[in-house]
Each structure stands twice: as C-alpha cells, then as structure tokens.
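# Observations on the three-dimensional arrangement
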Amino acid sequence: MNMLAVILNSTIRSTTPILLAALGSAICSQVGVFNIALEGQILIGCFVSIVANYFTGNVYLAVLCGMLGGAAVASIVAILQVKYKAADMVIGTSVNLLTSGLTSVLLSTIFGVRGSFSSPELISLPKIKLPVISEIPVVSRLFEQLTFIDYLSYIIAILMFVYLYKTVSGFHTQSVGKNIEAADSLGIKTLRTQIIAVLVSGALCGLGGSVLSMGQVTLFTEDMSAGRGYMAMASASMGQAHPLFVIASSLFFGICQSAGVLLQNYVPSQLTQAIPYAATVIALSIFGWRAIRKKNA
Amino acid sequence: MFLELKNITKTFGKTVANDNISFGLNKGEILALIGENGAGKSTISKILYGLNKPDSGEIFLDGKKLKIHSVLDAIDHGIGMVQQHFMLFESYTVAENIVYGKEPKKNGFFDRKRAAEIVRELGDEYGLHIDPDLKVEDCSVGMRQRIEILKVLYQNADIIIFDEPTAVLVPQEIEELLKTIKDLAKRGKSIIIITHKLQEVMDVADRTVVLRQGKFVGERLISETDIKELSYLMVGRGIPPREVEKKEPGKLVLDVEDLRYKHEGVSILNGLSINVHEGEIVGIAGVSGNGQTELIQCLTGLLKPDSGKVELCGEDISGKSVREIRDLGCAHIPEDRYEFGCARKADLEETSIMGYEHLPEFSSKGLLNEKHNQEFALNLLDKYSVKYDHMGEPAGALSGGNIQKLIVAREIEHNSKFLIAAEPTRGVDIGAQEFIHDRLMDKRNRGDGVLLISSELSEVMSLSDRIYVIYDGQIRGEFTRAEADTNKVGFLMMGGQNGQD
Ligand SMILES: Nc1ncnc2c1ncn2[C@@H]1O[C@H](COP(=O)(O)OP(=O)(O)OP(=O)(O)O)[C@@H](O)[C@H]1O
Ligand SMILES: [Mg+2]
C-alpha cells in the first residue's frame, strides 16, 4: 500500500516537466506549428534557472528566468520557422543541438566546471505541505515532496482547456491551425497568433526545466532534459493536443519513467532507462496507425 | 449608383489582371460579371472584398470614397463574398463557422448555444435551413454554400459577391440558389454574380458587365440582350455549331460488369454495367451523387469495389494500383481539380507531367529530362491557351478555369487508349469549353475511347455517341446519339422508370 503511494508520488513528480512541455507542444500544434525545439527549450530552462538561482539566491526569480530563457529560445523558432517559413525539421534540430552545446560551454565559462554543477548555495524549490492531508498516513506519501509547480501544471492545463474550448479568442486561436487561409480571409492575425503560441510553449518548457533542475534535485547536468521534449511531443500527439487528454497521456509517460527508476533494482539499468523511450515509440506507432486507419475509413 | 468602381488596375507580375475597369452597382440589383477564364473577374471581386489591393483606382459607396485595406474593412462597409473556393473550417460546426468573427458571448465566454439559435433564426428568416450543430466536414457542397451565404448574411452584408457559385452545384441546388439570390435582391441586397453559364445570367441577372483580358468590353441590360450577343462579347467571335464525324466503334476498351460498392453499410453502386469501345465517346448522364464519383474511383483504382468485373483493354484491373491502371492506358480528368488534378504548390512544368513523370519520355534513370519537359509544358500551355505568368508559377496561382485547361491538356494529350473525363469543362469559359469539346472529339476520332461524366446534360448530349443514365448506382437507360432526347434522359435522371411515363 505504502509502496503504491510511493510509486504514484514518483509518477506525479516525473510527470510535471513532461506535462508542461506537452502543453507547449499542444498549443503549437493547435495553431499548426510543428515545434521540435521543445527539448532545447526545456534544457535552457534548467540551465538559466540554476544560473539565476546561484546569482540572485531567489528561487522564484530563478523560475521566472527559466521561463524567459525558454521563451527566448522559442523566439528563434518563431522568427525563423514561423515568420520566415524555414523547414521545421532543420530549425528544431539545430536549436536542440545549439542549446545542448551552448549550455555546456556556458557551464564551464560561468561556473568553471564540466559535466554538472551543484552548490550548497543553490536553493531548491520549497516543498508544499498540505494542511490536513499530510496527517493521513498513506495518502500523505502520495503528496510528499511536491512543489508549487507540480500543482500549477495541472491548473495550467485546465486554464488552457478553458481558453481554447470556451472563449472566443481561443476559438480563433484554434481556427488558425485548422485552416490558416480561411482564418486569414476572415481577418485573423494568423502570424501573430502562431508566434505567441510558440513563445508560450517556450515559457512552459522553461517552467518544466526549472522544476527539473530545482525540484527533486538542485543541480544542472549536461543534457539533463534527456529526451523529455520528444516525450512531450509524443504525449501531445497521443492526447490529440487537447489539454485534458494531454494530462492523461503525460501521466502515462510519468509512469513509464518512474517504473524505469523502480525496476533499476532488479534489471540492468541500461534496460530500464530505455522504458520511457520504448513507450514513446510504441505510443506513437499505435496512435499513428489509428490516425491512418481513421483517415482511410 | 450605390456602389461604384472607378479605373481599377491590378497587375500580378507581367499579367494585367484588371486594366482600368469601371462599373457600378445599384441597390437591389443583380449584376452578372462575365468573361473568359483569366479575364479578371475573381481579381476585381477580391479587390472589392479586401483580399487584393489594387495598384490604382477608387471605390465609392453611396458617394463616399471607401478605403478597403482588409477583409475586415470590407465587412464593416457591408460587403460580403462567397468565394470560388469555400473558406470553411472542416472540423468546426455549421454555427461556429457562421458566427466566426462576431461571436455571441456570455460572461466573456463563447456562447455556442446562442450561436446555434442565431443560425436557426437566420435560416428561418431567409429560408436557408441547415442544422447548426452539424460538422462542416459532414456537409455536402450545396450545404457548404448555404453556410457561406448565411455567414455573409450574419455579417450584415448589403452587397454580396458570388464567385462562380453554381460551378460546383447539381441542377436542383442551382435552381434553389438562383431563387435565393433573387429573393435577397428583393430584400434590398445588391448582388454581383460571376458565372460562365450564360443561361443563368439570362435567368437571374438584371444587368451584365463583360470583361475580356482584364478590360471592360461592355455592359448590357438583360432585357435588351440574348445569349448569342453575350457570347460574342465575351469571346470576341461567334461560336459555330458542332459537326460530328461519323465513326464506327472498334474493339472494347472498357468493360464493366455488375460493379458493386458499399460504404459504411450504404450501397452506392448497385450492379452497374457499362462498356466503352474504341472511337467512341460514352456519356454518363445523371444528377451528381448517384454513384458517379465512386464509379470513377473504382475505375481508376482509388477505390476497391466489393465485387464486379472491370476490364481495361482486355485486362482485369482488380487489385491493380492507380499507377498500374494509368500505365495500362487510362488517363483521367478528375472531378475535383484541386484534390486529385494537381498540387497547388507545384509549378506549371511539374503540373504538366504529373502522373507521367516516370515514363521514358519525361525521365531517364530516375532523373527528369528538364529540357524536354519544359518544352513539352510550353507546348501544352500554348496549345490550350492557358493564361499564365511564368513557368515557375505555382499551379494554385492560375485562375480556376486556366488550371482546369492545363489538367485537361495533360490528360488528353497523353495518348492513352482510354480517357475518363469527369466534368471536363467545370469552371471554364464558353470559348474554352468549345475548345475542350473539340479536343475530346479529336481523341475519339483518333480511335480512343472516352468516358464522359458530367452533370451538365447539354454537354453529355452534344458529345456522346452513346449515353447511359445513372441513378442510384445503377444504369437506368441507354441511348444512342440518334435516340437520345433531353426529355427522355431527364426523366430517367430524376429516377423515373423506363416504360412508365
Ligand atoms: N495571386 C495571383 N498571382 C499571380 N497571378 C494571378 C493571381 N491571381 C490572379 N492572377 C492572374 O490574373 C489573371 C486574372 O485572374 P482571375 O482569377 O481574376 O480570372 P477569372 O476571370 O476569375 O478567371 P476564371 O473564370 O478562370 O476563374 C489570370 O491571368 C491569373 O493567372
Ligand atoms: Mg475566377
């Protein structure tokens, strides 16, 4: 029983960065932009948060800087891919490689270390202690060690759902992805909508990056995003870019990650580490196949 | 004059699409804008609707000069347009599409319930009924057009522009639409309608303005003109009646027996049998939606029939791929030029050889013969007098009729034994219609077989050596050229049974 609560708790914690990035991916695909740079946006979020944390000593300011960093990387996508119509694959892949290299270089120039950086001066995100629930034995394990960002990510998902599916502005935003020509001909500023969506995805990934580098652990390691951007893309496509479905699909990836960690004690870790990625491939194949079948029906 | 356009000029590269055009529109008037393909009809209406910016010229409404910089400006001034290619969101509902841009709100949220009510009320007011909760992707072409009209009415337009609204409709829908248009004019809306069908102009319009090669060539009150004069004005020459060369049909090229096809439990083809011989044009007359589309798709390999035999030049084609069937000698002018006929972004050279690019004439060892292909494309464009700016232009930039001409050229000029021509003159002007008809005749006279499918009965009647009437996925009657008469064919088309009229 306790064991189950621990697993679920670890699932929730590994879900958060994926969920936030998946929401970013979802908003991009809602406006018809195929954003592959999520990985880079997350990584920059991790790095900038740690830098800001170290120099300001304020963890909230660090989170904000992480989001701005993500948005800054996203603006490269917004300008080159959306405004100037460069190929999405090329831009996305280069941005991901660029951030990976850039963070390594800056890591050694700013902190003078290689591989990873950690310091007792870094402040980690405060863990929230829920009033009544933390008294209940097993249930309390479930909500242990969670930061405000963990809770916030679900609120963001719900807000995004309300915005996209209940407001007029969200209705227009979605229409851009459905038929950009028609939206244009009805006077919608389609380019602006797409650019904003990409920037929002950057901020969300940046937020995901902050929780990654200041939540469970408080450190930065090279390439610590470890493919979460791609998992997020898979999750958004599994959840059909619908924020509430994306919660479910991201939890699935969260389970796979925590299962990978858990099984490390019994199975060689090289194998367990592959679990989330194998799940990504399988999930995408199943959903791709179903989409094809639906199209042909 | 209520609306006045003065000295409008618009160029695209070297093409002068509108050359100093001036005309006006009265309140409650129906004005037909006619002219050949590429004459500049769509261009000038897009200028009025804020989609194109004129190089020079002015627009006046009620004596006041208008500044139309965008569609929103046009809508603000009460100008609405139903475009040649519909601008709808497939996965949104009818109501969502109609209220788009002026959505009803409740507590700051989109009030979808109210939107549906508005659509119902609007539909009742104008007699344009449609289920507001339907998804657009489930709507027929006629319904989509109704949605576009309701959208314009919801935006409170006083001036409504229809760009070739009847090109995609079946005869009953056309009749309904023309009634709606007249009704709107009676309620004080001013209407501009673009069409290639002069009979419609005579039926619905009060006045007509004729354009040729971007220039204004004349205007006539409908009460003072006739089809002959209008076609003369449009093309600049008279059109002589067709003479049909006698020709004995040869061997069988297409043999279809007992073709059956079901989609989601609904029978669409119910044991259909037809055949086409060498040197013969066989027409299929019928109201759209009686299985013509599925028949074509079964013949070309796009659909797999449930049962039945299809033989092309003596070979069974069941289980063959689209390419194999084409290579066996089946050319195809598709019904929907944008879905199957071309790729909007491909340039004219690519469009000219598309579907044949693997043949030794156009490529060797996987490489395209650029030089030859360019010449080939130039020759096609020239022979079919397609109006274009330059070879690297995307197919989507050509006017509707011109892209159709290019597709027809590609499919006819490829010397296949058999040609399926579906709505070959959809959206092309009367001069070009004549031209395409002549080319189909040439093909027949060369000894090839042609299957002509058209919702335009006059087209089927004037070209076919033999006519089948299709109804509900079956052949309900067969006529030779001598036996066919409009009444008999029309009666079967509407579902009448032979021998009981
Ligand atoms: N966006 C564009 N870019 C380049 N050329 C264009 C564009 N739009 C129109 N043209 C050219 O301007 C000319 C007039 O085109 P337009 O679409 O107004 O013709 P139309 O009278 O509507 O013809 P149709 O009856 O075939 O629809 C054509 O030669 C066309 O190729
Ligand atoms: Mg046109």
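Our subject in this report is the structure included herewith.

Cut-offs and rules
- Residues numbered from 1 in each chain as written.
- Chains lettered and ligands numbered in written order.
- Predicted model: local features only at pLDDT ≥ 70, side-chain atom pairs only at ≥ 80, totals over all residues.
- Heavy atoms only, no water.
- Helix = DSSP H or I, 4+ residues; strand = E, 2+ residues; numbered from the N terminus.
- Rg over C-alpha atoms; globule rule 2.2 N^0.38 Å.
- Buried < 20%, exposed > 50% of the residue type's maximum accessible area, 1.4 Å probe, protein only.
- Contact = heavy atoms within 4.5 Å.
- Areas by Shrake-Rupley, 256 points an atom, 1.4 Å probe, with all protein chains shown as cover.
- Lys, Arg positive; Asp, Glu negative; His and termini not counted.
- Charge placed at Lys NZ, Arg CZ, Asp CG, Glu CD.
- Pairing = 2+ DSSP bridges.
- 1 Å grid on protein atoms, 1.4 Å probe; cavity = no way out; pocket = protein on both sides within 12 Å on 5 of 7 lines; lining within 4 Å.
- Points joined across faces, edges and corners; volume = space filled by probe spheres on them.
- Nonpolar A, V, L, I, M, F, W, Y, C, P; charged D, E, K, R; others polar.
- Domains from an automatic or database assignment.
- Buried area = accessible area lost by both parts, 1.4 Å probe.
- Salt bridge = Lys/Arg side-chain N within 4 Å of Asp/Glu carboxyl O.
- Polar contact = N/O pair within 3.5 Å; in protein donor to acceptor, adjacent residues only side chain to side chain.

All right, on to the overall build of chain B then. Counting its secondary structure elements, chain B contains 17 helices and 24 strands. Its C-alpha atoms give chain B a radius of gyration of 24 Å, near enough to 23 Å, the size a compact globule of 501 residues would have. Once the C-alpha set of chain B is aligned to its principal axes, its extents read approximately 70 × 50 × 50 Å. Buried residues in chain B amount to 54% of all 501 residues. Excluding contacts between residues fewer than 6 apart, the proportion of contacts in chain B whose partners are at least 24 apart in sequence is 67%. Accessible area for chain B stands at about 21,600 Å²; split by element, carbon and sulfur atoms hold 48% of it. Positive and negative charge centroids in chain B, built from 63 and 81 side chains respectively, lie 3 Å apart.

It is worth spelling out the pairing of strand β11 (residues 207-212) of chain B at this point. It is a general feature of regular strands that their side chains alternate between the two faces of the sheet. All names here are of chain B. Most of β11 is tucked away, with 5 of its 6 residues classed as buried. When β11 meets strand β12 (residues 215-221), the two strands line up antiparallel, connected through 6 bridges. The residue of β12 that forms the bridge with V210 is G218. Taking the residues that link successive antiparallel strands as the turn, the β11-β12 hairpin has 2 residues, and the phi of Q213 there is positive, at about 45°.

With that out of the way, let us pick up the side chain of N290(B). Residues and elements named next belong to chain B. Of note, N290 is situated in the loop between β15 (280-285) and α9 (292-300). Its relative accessible area of 13% is what places N290 among the buried residues. With residues up to four places along the chain from it excluded, the contact list for N290 reads I268, I470, Y471, D472 and G473.

Moving on to the pairing of strand β2 (residues 15-25) of chain B. Of the pairings in the sheet, the one linking strand β1 (residues 3-12) of chain B to β2(B) comprises 7 bridges and is antiparallel in character. Among the inter-strand pairings, L3(B) is bridged to a residue of β2(B), identified as L25(B).

A few words on the layout of surface pockets. Unfilled space is identified by rolling a water-sized probe across the atoms. All names here are of chain B. The calculated volume of the second largest pocket comes to roughly 1,400 Å³. Along the walls of the second largest pocket sit 46 residues, with K197, Q199, E456, S458 and E459 positioned nearest its centre. Among the secondary structure elements, those contributing two or more residues to the lining of the second largest pocket are α6 (171-186), α7 (198-204), α8 (227-235), α15 (430-445), α16 (457-463) and α17 (486-493). Among the elements that make up the lining of the second largest pocket, the one with the highest residue count is α6 (7 residues). Residue classes in the lining of the second largest pocket are distributed as 18 nonpolar, 15 polar and 13 charged. Per-domain counts for the lining of the second largest pocket show at least three residues from each of domain 1 (3-235) and domain 2 (252-329 + 416-493).

In this complex, chain B contributes 22 residues to the contact, which on the side of chain A involves 19 residues. Between chain B and chain A lies a buried interface of about 1,800 Å² when both sides are counted; carbon and sulfur atoms form 66% of it. Remark: the boundary between chain B and chain A carries 0 salt bridges. Summed over the shared surface of chain B and chain A, the number is 9 residue pairs in polar contact (both at pLDDT 80 or more). When contributions to the side of chain B that touches chain A are tallied by element, the ones reaching two or more residues are α2 (71-76) and β8 (109-110) of chain B. Tallied by class, residues from the side of chain B that touches chain A come to 11 nonpolar, 5 polar and 6 charged.

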